[in-house]
Amino acid sequence: MTLSYVLMQNLRRNPLRSVLTTVAFALPMAVFVAAISLVVGLIQIGQSAAKELRLAVHHKTTITNSLPEGTRRKIEGLDPQGRRLRAVCGMRWFGGRVPNTQNTLTSLASDVDTFCEVHQDAGLTPDEEQAWLRERTACVVGRIPAEKHGWKVGDRVTLESTVPPYLSLEFRVIKIMTEASRANYFYFRRDYLVESMNQVGIEDSRCNIFWVKCRTPEDLRTLQRDIDAEFANTPDETKSEDENAFGANFVQALGDIPSLMQAMAVVVVIVVALVAANTMMMSVRERARELAVFKAIGFHSRRIFAIVIGESMMLALIGALLGVVPTAALLTMFPVRRLGFVPLASLEVSPIAVVGSIGIALLVGLLAGFWPAYQALRLRTVDALRYLA
Amino acid sequence: MALPLKYHWRHLLSRRTSTLLTVLVVSAVVGVFTWMVGFALALRGSLAVADDDHKLIVIKRGATAESNSAIIPEDESRLVALSDVATDAATGERLISPEMLTQVSLPRLRDAGRTSANVAVRGVTPMAFKVHRKVRLVRGALFDLGEPQIIVGAAAAKQFAGLEIGSTVQLGSSGNRPYRVVGIFSADGGPMESEIWGYLESLKNAYGRSMYSSVNLRLRDGVDPQNVIDEVEGPAIQLSAWTEPAYWSQQSGLIKAYLMLAGSLIAVMSLAAIFAIANTMFSSVAGRTREIAMLRTIGFSGRQVLAGFVIESVLLALIGGILGCAGAMAWLNLVGNRKDMFGMSTFTTMAFEINPSPLMWGCSLVMVLAVGALGALWPARRAAALDVITALRQV
């Protein structure tokens, strides 16, 4: 009689309980895999942003206050030989939206010459880079807006700006960015914006943000200090932040969904552990006599322990699979990013999240089975056999 | 006669571990539920205050919000000519308030300044207090028109650093014009309470602006706002107008999505709690087969037995609910009840507080009762339908 045979028979003995436990386990695990996927996704974005070694330099008052175009030259002037910084790229907020829609895209007009060097995670191939440099109306689009509006490379798209002077510009898509950290952006050339503004009689080439690509993490820290010191007590004081600190300001303001998801994940683990423990306690209590018989006919304590723990882990595994697999499949088939809800855009089920969820479920099963299994061990064979339940 | 409550209570106590584990499951779910209801109510509450449909917010056509709108002064004079705008009974002035909106980045107090929020700064004239009727000074004084002074909304003052009366905030396009905080205002908890207000001309000067962001109008009583909106959006004026509730409902799309997400997560968890309770109750029924048969024999009806199990389950859920609510309260006190939410198109932040309210407790109670009752229904029916003779014979 193998262990797995005993386990399966035990699960089938009280099918109602097994089903209830499995469902009570599967539902929270479905929430868990979604929550942990978002957390994993954000950690990965954070890590890749940290690897990019970019410093965000913006006006000290707010990011909506603009800085003069010449700020770039001054920043480059801090390190003329380029020992610490590789390139500086100025950007201006365009806030474009597709005509007759409500959502404002994260659309920015970027310096032409340094864009590719500073934003290597945009992933432009040499050919695409040539197209970017050649075409005045070129735009580089993240896959979230691209999928939402059905844009493909080569398409002509029009955006209406939601900030003065409310220009309406036409672009040609030359690249869809797939990297998670860029998936929500829309970049186009700043010279195109400046010229278009000139045409309506506005001379304004100021920028909202300058991205400074640094060589090493150490350079990033020293540049952060030096840049802010350089502009201190000028009309345009700056605040420099690394990319993750810059992003944290927005995450907080968007209701802090990552924290909500983390809290949910913790609650889920607690709930499923309690559910599993409860079932195993009930199961062991009702089966006291049977376990005593096992002992009486010479089963090792170790074997008894394994039977109880094994059943608990089996329940957890089935519950986890039932919860995790459909959720993962559903989220992969219908990506949340299509909803266009920015704070959840990076919610994509990764293998790490799936494996992690099932691993956690097994761990929970192990821990939840521990106390009942210990009780089964302590069981006094004679008493249990005599006990009529 | 129904089964005495004591009977159920003793039963819960006799199966101590199982009861405790189930109670904890319910309490974890109810705790999160209570927090989320509080969050949703706080937001709704704040937005519900912005319900003045006789106040119109006029912005530039094509702009999505006041913060990215620019209106030239000539347009304002055309709005003054609208016949449906109310007049002040005492002075005979038109109740029309040109305003300018900009932002300042201030550290959040709740994470000790690790992150910053964009707080709205509104340039207004004294007329604004007649158009925005809910705004009133609660502490300190109004800003002096000749001095660089500001007043601060009560919600903003609580959540962002450096907004106490007497402190200074650096404003202006270069962030180098010190403005002193001289007063705190309330807007009955509405979204304007998250703003900073100063004198329009002074702020226009500091930011080098010649245009307004929005023009706010108070309409005469009895006027249909839609007629005025049509007139403002028509060929003669060509601006975009919103009533206050419509404007804020449009600005809060992100918040609604957030609440929907949180709501669906908690619904799944509640379902799981129902299954957990059902599991416990089934086991309880199975363990008491003979006892139930005995109750039936001495005259309790099947319906009474059914009611008894539902009561027992609700009792179980209630203990969990109380624990969960206590947990949510402790969390709010420990971690803080302050939150803020960002309008993607406004680029400014709305601050609010999660405060326990009777409605919040009521929602949690209903949820707990529902979970308890739904979880018990199936097992209790099984208990009621028990075949008495067979059960009594069972050993």
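Rules behind the numbers
Residues numbered from 1 in each chain as written. Chains lettered and ligands numbered in written order. Predicted model: local features only at pLDDT ≥ 70, side-chain atom pairs only at ≥ 80, totals over all residues. Core = buried A, V, L, I, M, F, W, Y, C linked by C-beta atoms within 7 Å. Buried ≥ 20, exposed ≤ 12 C-beta atoms within 10 Å, placed from the backbone. Contact = placed C-beta atoms within 7 Å. pLDDT = per-residue confidence, 0-100. Axes fitted to C-alpha atoms, helices over the stretch in contact; angles between N-to-C directions. Helix = DSSP H or I, 4+ residues; strand = E, 2+ residues; numbered from the N terminus. Parallel < 35°, antiparallel > 145°, perpendicular 65-115°, else oblique. Left-handed = near helix turned anticlockwise from the far one by under 90°. Nonpolar A, V, L, I, M, F, W, Y, C, P; charged D, E, K, R; others polar. Domains from an automatic or database assignment. Pairing = 2+ DSSP bridges. Expected span 1.5 Å × (residues − 1).

## Some words on the nonpolar core
Right, so step 1: Grouped together as the largest cluster of nonpolar side chains are 230 residues, with contacts concentrated most on Val 271 and Ala 276 of chain A together with Val 25 of chain B.
Right, so step 2: Beyond its immediate chain neighbours, meaning those up to four positions away, Val 25 of chain B contacts Val 271, Leu 274 and Val 275 of chain A together with Ala 273 and Ala 276 of chain B.

## Digging into the confidence of the model for chain B
Right, so step 1: In this model, chain B carries a mean pLDDT of 87, and residues with pLDDT of at least 70 account for 98%.
Right, so step 2: Interface confidence in the predicted complex, given as ipTM, is 0.76; pTM for the same model is 0.80.

## So, the packing of helix α10 (residues 257–286) of chain A against helix α12 (residues 301–333) of chain A
Residues and elements named next belong to chain A.
Right, so step 1: Where α10 meets α12, the axes come as close as 10 Å, and the angle between the chain directions of the two elements is 140 degrees. What the angle tells us is that α10 and α12 run oblique. Relative to α12, α10 is oriented so that their crossing is right-handed. Each of Ala 276, Thr 279, Met 280, Ser 283 and Val 284 in α10 lies in contact with α12, whose residues at this interface are Val 308, Glu 311, Ser 312, Leu 315 and Ala 316.
Right, so step 2: Of the residues that constitute the contact of α10 with α12, the class distribution is 6 nonpolar, 3 polar and 1 charged.

## Focus on the interface of chain B and chain A
Right, so step 1: Taken together, the 52 residues of chain B in the interface contact 48 residues of chain A.
Right, so step 2: Residue contributions to the side of chain B that touches chain A peak at 17 residues, all from helix α9 (residues 253–287) of chain B.
Right, so step 3: Tallied by class, residues from the side of chain B that touches chain A come to 29 nonpolar, 21 polar and 2 charged.

## Focus: the domain arrangement of chain A
Right, so step 1: The domain boundaries assigned to chain A delineate domain 1 (3–46 + 256–386) and domain 2 (61–236).
Right, so step 2: A straight line from the C-alpha centre of domain 1 of chain A to that of domain 2 of chain A covers 47 Å.

## A few points about unusual backbone geometry
Right, so step 1: Omega for the peptide link from Pro 164 of chain A to Pro 165 of chain A comes to 0 degrees, which places this bond in the cis form.
Right, so step 2: Counting through the fold element by element, Pro 165 of chain A comes out in the loop between β6 (156–161) and β7 (168–177).
Right, so step 3: Phi is positive for Asp 188 of chain B, close to 55 degrees, though the residue is something other than glycine.
Right, so step 4: Since 16 C-beta atoms lie within 10 Å of it, Asp 188 of chain B is described here as partly exposed.
Right, so step 5: With a phi angle near 60 degrees, Gln 238 of chain B is a residue other than glycine that sits in the positive phi range.
Right, so step 6: Residue placement: Gln 238 of chain B occurs in the loop between α7 (225–233) and β10 (239–243).
Right, so step 7: The exposure class of Gln 238 of chain B is exposed, given the 12 C-beta atoms found within 10 Å.

## What to know about the sheet that holds β7 of chain A
Residues and elements named next belong to chain A.
Right, so step 1: Overall, mixed pairing links the 10 strands, which are arranged β3-β6-β7-β5-β8-β4-β2-β9-β1-β10 in an open sheet. Looking at which strands have only one partner, the edges of the open sheet turn out to be β3 (96–97) and β10 (238–242).
Right, so step 2: Of the strand pairs in this sheet, strand β2 (residues 85–93) and strand β9 (residues 209–214) are connected by 6 bridges, and their pairing is antiparallel. What sits directly across from Cys 89, in β9, is Trp 211.
Right, so step 3: Seen against the sheet, helix α7 (residues 190–199) touches β2, β4 (106–110), β7 and β8 (185–189) and runs at an angle of roughly 65 degrees to β8.

## Describing the domain arrangement of chain B
Residues and elements named next belong to chain B.
Right, so step 1: Domain boundaries in chain B define domain 1 (5–48 + 253–393) and domain 2 (55–222).
Right, so step 2: Each of domain 1 and domain 2 was reduced to a C-alpha centroid, and the two centroids are 45 Å apart.
Right, so step 3: With 15 residues of domain 1 at the interface, the matching set in domain 2 holds 17 residues.
Right, so step 4: Looking at the side of domain 1 that touches domain 2, the elements that each hand over two or more residues are α2 (16–49), β11 (338–342) and β12 (349–353).
Right, so step 5: At 4 residues, the largest contribution of residues to the side of domain 1 that touches domain 2 is made by β12.

## So, helix α11 (residues 302–335) of chain B
For an α-helix, the turn length of 3.6 residues means that residues three or four places apart are oriented alike.
Right, so step 1: Taking 1.5 Å of rise per residue, 34 residues should cover 50 Å, and α11 of chain B covers 49 Å from first to last C-alpha, within 8% of that figure.
Right, so step 2: Where α11 of chain B ends, the next residue or the one after it, Gly 336 of chain B, has phi of about 110 degrees, a positive value.

## Let's talk about the environment of Val 182 of chain B
Residues and elements named next belong to chain B.
Right, so step 1: Counting through the fold element by element, Val 182 comes out in strand β7 (residues 177–186).
Right, so step 2: A tally of 20 C-beta atoms within 10 Å means that Val 182 is categorised as buried.
Right, so step 3: Sequence separation between Val 182 and Thr 349 is 167 residues; the distance between their C-alpha atoms is 22 Å.
Right, so step 4: Those residues in contact with Val 182, other than ones at most four positions away along the chain, are Gly 140, Ala 141, Phe 143, Gln 149, Ile 151 and Ile 165.

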